[in-house]
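Close look at the chain arrangement
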Amino acid sequence: MNSNPVISIIVPIYGVEQYIEQCARSLFEQTYPHIELIFVNDGTPDASMSILRGLIDVEYPHLKPKIKIVEQANSGLPAARKTGLASATGDYVLFVDSDDWLDEAAFHKLMSVLRFWCRTKEGKRPDLVVCNY
(Lines give C-alpha, C1' and ligand atoms only; values in the text may rest on other atoms or scores of the structure.)
Protein backbone atom coordinates (compact mmCIF):
# COMPACT_ATOMS: atom_id res chain seq x y z
CA MET A 1 0.00 0.00 0.00
CA ASN A 2 1.21 3.49 -0.86
CA SER A 3 2.37 5.08 2.42
CA ASN A 4 0.34 8.22 1.63
CA PRO A 5 -2.65 7.11 -0.42
CA VAL A 6 -4.75 9.87 -1.91
CA ILE A 7 -8.48 9.92 -1.29
CA SER A 8 -10.63 11.42 -4.04
CA ILE A 9 -13.73 12.96 -2.44
CA ILE A 10 -16.61 13.43 -4.85
CA VAL A 11 -19.36 15.90 -3.95
CA PRO A 12 -22.31 16.29 -6.35
CA ILE A 13 -23.95 19.72 -6.04
CA TYR A 14 -27.55 20.54 -6.83
CA GLY A 15 -29.88 22.83 -4.88
CA VAL A 16 -27.87 22.92 -1.64
CA GLU A 17 -27.09 26.60 -1.12
CA GLN A 18 -28.11 26.38 2.55
CA TYR A 19 -25.76 23.42 3.21
CA ILE A 20 -22.79 23.70 0.88
CA GLU A 21 -20.72 26.00 3.08
CA GLN A 22 -20.84 23.67 6.07
CA CYS A 23 -20.15 20.64 3.88
CA ALA A 24 -17.20 22.29 2.12
CA ARG A 25 -15.68 23.61 5.35
CA SER A 26 -15.80 20.13 6.85
CA LEU A 27 -13.85 18.82 3.84
CA PHE A 28 -11.39 21.71 3.68
CA GLU A 29 -10.55 21.29 7.38
CA GLN A 30 -9.70 17.58 7.23
CA THR A 31 -6.59 16.52 9.15
CA TYR A 32 -5.64 13.91 6.53
CA PRO A 33 -3.66 15.93 3.97
CA HIS A 34 -3.62 13.58 0.98
CA ILE A 35 -6.98 14.38 -0.56
CA GLU A 36 -8.41 15.47 -3.86
CA LEU A 37 -11.74 17.30 -3.69
CA ILE A 38 -14.02 17.00 -6.72
CA PHE A 39 -17.15 19.13 -6.71
CA VAL A 40 -19.56 18.28 -9.52
CA ASN A 41 -21.94 21.09 -10.40
CA ASP A 42 -24.97 19.15 -11.63
CA GLY A 43 -26.49 22.25 -13.22
CA THR A 44 -27.67 23.69 -9.92
CA PRO A 45 -30.01 26.66 -10.40
CA ASP A 46 -29.30 28.22 -6.99
CA ALA A 47 -26.28 30.02 -5.46
CA SER A 48 -24.52 26.83 -4.33
CA MET A 49 -21.59 27.24 -6.71
CA SER A 50 -21.15 30.95 -5.96
CA ILE A 51 -21.02 30.16 -2.26
CA LEU A 52 -18.50 27.37 -2.83
CA ARG A 53 -16.26 29.43 -5.12
CA GLY A 54 -16.37 32.40 -2.74
CA LEU A 55 -15.38 30.20 0.17
CA ILE A 56 -12.46 28.74 -1.77
CA ASP A 57 -11.26 32.13 -3.05
CA VAL A 58 -11.52 33.98 0.27
CA GLU A 59 -10.70 31.42 2.95
CA TYR A 60 -9.07 28.40 1.30
CA PRO A 61 -7.05 29.59 -1.71
CA HIS A 62 -4.12 27.44 -0.54
CA LEU A 63 -6.25 24.34 -1.27
CA LYS A 64 -6.92 25.21 -4.92
CA PRO A 65 -4.37 22.66 -6.20
CA LYS A 66 -6.40 19.93 -4.46
CA ILE A 67 -9.80 21.11 -5.73
CA LYS A 68 -11.50 20.30 -9.02
CA ILE A 69 -14.83 21.80 -10.03
CA VAL A 70 -16.54 19.91 -12.81
CA GLU A 71 -19.54 21.38 -14.63
CA GLN A 72 -22.35 19.44 -16.28
CA ALA A 73 -25.97 19.93 -17.25
CA ASN A 74 -28.43 18.59 -14.69
CA SER A 75 -28.35 14.82 -15.05
CA GLY A 76 -29.12 13.57 -11.54
CA LEU A 77 -27.13 12.21 -8.64
CA PRO A 78 -25.88 8.94 -10.19
CA ALA A 79 -24.63 10.76 -13.29
CA ALA A 80 -22.92 13.44 -11.17
CA ARG A 81 -21.13 10.76 -9.17
CA LYS A 82 -20.07 9.04 -12.39
CA THR A 83 -18.74 12.35 -13.72
CA GLY A 84 -16.79 12.80 -10.48
CA LEU A 85 -15.36 9.30 -10.79
CA ALA A 86 -14.12 10.09 -14.29
CA SER A 87 -12.13 13.01 -12.82
CA ALA A 88 -10.77 11.13 -9.81
CA THR A 89 -7.08 10.30 -9.67
CA GLY A 90 -6.78 9.11 -6.05
CA ASP A 91 -6.07 5.65 -4.71
CA TYR A 92 -9.47 5.57 -2.98
CA VAL A 93 -12.81 7.25 -3.62
CA LEU A 94 -15.26 8.64 -1.10
CA PHE A 95 -18.68 10.04 -1.96
CA VAL A 96 -19.99 12.85 0.23
CA ASP A 97 -23.47 14.31 -0.21
CA SER A 98 -23.42 18.10 -0.36
CA ASP A 99 -25.86 18.47 2.53
CA ASP A 100 -23.64 16.41 4.85
CA TRP A 101 -20.53 17.29 6.82
CA LEU A 102 -17.80 15.23 8.41
CA ASP A 103 -15.70 15.32 11.54
CA GLU A 104 -12.34 16.94 10.78
CA ALA A 105 -10.54 13.65 11.46
CA ALA A 106 -12.91 11.46 9.41
CA PHE A 107 -10.46 10.66 6.59
CA HIS A 108 -7.59 10.26 9.02
CA LYS A 109 -9.64 7.68 10.94
CA LEU A 110 -10.63 5.82 7.79
CA MET A 111 -7.00 5.64 6.67
CA SER A 112 -5.96 4.38 10.12
CA VAL A 113 -8.46 1.54 9.82
CA LEU A 114 -7.23 0.77 6.33
CA ARG A 115 -3.57 0.74 7.38
CA PHE A 116 -4.33 -1.49 10.39
CA TRP A 117 -6.22 -3.91 8.17
CA CYS A 118 -3.37 -4.03 5.66
CA ARG A 119 -0.83 -4.78 8.41
CA THR A 120 -2.91 -7.62 9.83
CA LYS A 121 -3.71 -9.11 6.41
CA GLU A 122 -0.14 -9.17 5.10
CA GLY A 123 -0.54 -6.12 2.89
CA LYS A 124 -3.71 -7.21 1.13
CA ARG A 125 -5.86 -4.17 0.44
CA PRO A 126 -9.59 -4.23 1.11
CA ASP A 127 -11.90 -3.17 -1.69
CA LEU A 128 -14.07 -1.15 0.66
CA VAL A 129 -13.84 0.67 3.98
CA VAL A 130 -17.17 1.53 5.59
CA CYS A 131 -17.99 3.83 8.47
CA ASN A 132 -21.04 4.80 10.43
CA TYR A 133 -22.18 8.35 10.92
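Residues numbered from 1 in each chain as written. Predicted model: local features only at pLDDT ≥ 70, side-chain atom pairs only at ≥ 80, totals over all residues. Heavy atoms only, no water.

When you line up the elements, Asp-42 lands in strand β2 (residues 35-42). Despite its burial, Asp-42 pairs with no opposite charge, the nearest such side chain being Arg-81 at 10 Å. A distance of 2.8 Å separates a polar side-chain atom of Asp-42 from the backbone nitrogen of Ser-75. (Helix = DSSP H or I, 4+ residues; strand = E, 2+ residues; numbered from the N terminus. Buried < 20%, exposed > 50% of the residue type's maximum accessible area, 1.4 Å probe, protein only. Lys, Arg positive; Asp, Glu negative; His and termini not counted. Salt bridge = Lys/Arg side-chain N within 4 Å of Asp/Glu carboxyl O. Polar contact = N/O pair within 3.5 Å; in protein donor to acceptor, adjacent residues only side chain to side chain.)

Here we take up the packing of helix α1 (residues 20-28) against helix α2 (residues 48-59). Axis separation between α1 and α2 bottoms out at 9 Å; the angle between their running directions is 40°. Where α1 crosses over α2, the handedness of that crossing is right-handed. Along the contact surface, α1 presents Ile-20, Glu-21, Ala-24, Arg-25 and Phe-28, while α2 presents Ser-48, Ile-51, Leu-52, Leu-55, Ile-56 and Glu-59. In terms of residue class, the contact of α1 with α2 is built from seven nonpolar, one polar and three charged. (Axes fitted to C-alpha atoms, helices over the stretch in contact; angles between N-to-C directions. Left-handed = near helix turned anticlockwise from the far one by under 90°. Contact = heavy atoms within 4.5 Å. Nonpolar A, V, L, I, M, F, W, Y, C, P; charged D, E, K, R; others polar.)

The next thing to look at is the sheet that holds strand β3 (residues 67-72). Two modes of strand pairing occur in sheets, parallel and antiparallel, and in both the strands are linked by backbone hydrogen bonds. Taken in spatial order, the four strands of this open sheet run β3-β2-β1-β4, and their pairing is parallel. The strands lining the two open edges of the sheet, one partner per strand, are β3 and β4 (92-95). Sheet twist, expressed as the average angle between the axes of neighbouring strands with direction ignored, equals 20°. Here four bridges tie strand β1 (residues 7-13) to β4, and the two strands are oriented parallel to one another. Note on β4: the bridge partner recorded for Ser-8 is Val-93. Here α1 sits on the sheet and contacts β1, β2 and β3; the angle it forms with β2, its principal contact strand, is near 160°. (Pairing = 2+ DSSP bridges.)

On to the pattern of salt bridges. Taken as a whole and assessed by the stated rule, the structure comprises seven salt bridges. Between Arg-53 and Glu-71 there is a salt bridge, with its nearest N and O atoms 2.4 Å apart. Here Arg-53 is found in helix α2, whereas its partner Glu-71 is found in strand β3, with 18 residues between them in sequence. Judged by its relative accessible area of 34%, Arg-53 is partly exposed. With a closest N to O distance of 2.9 Å, Lys-64 and Asp-57 form a salt bridge. With relative accessibility at 42%, the residue Lys-64 sits in the partly exposed group. Judged by its relative accessible area of 46%, Asp-57 falls in the partly exposed class. Connected through salt bridges with shared partners, the residues Glu-21, Arg-25 and Glu-59 form a single ionic network.

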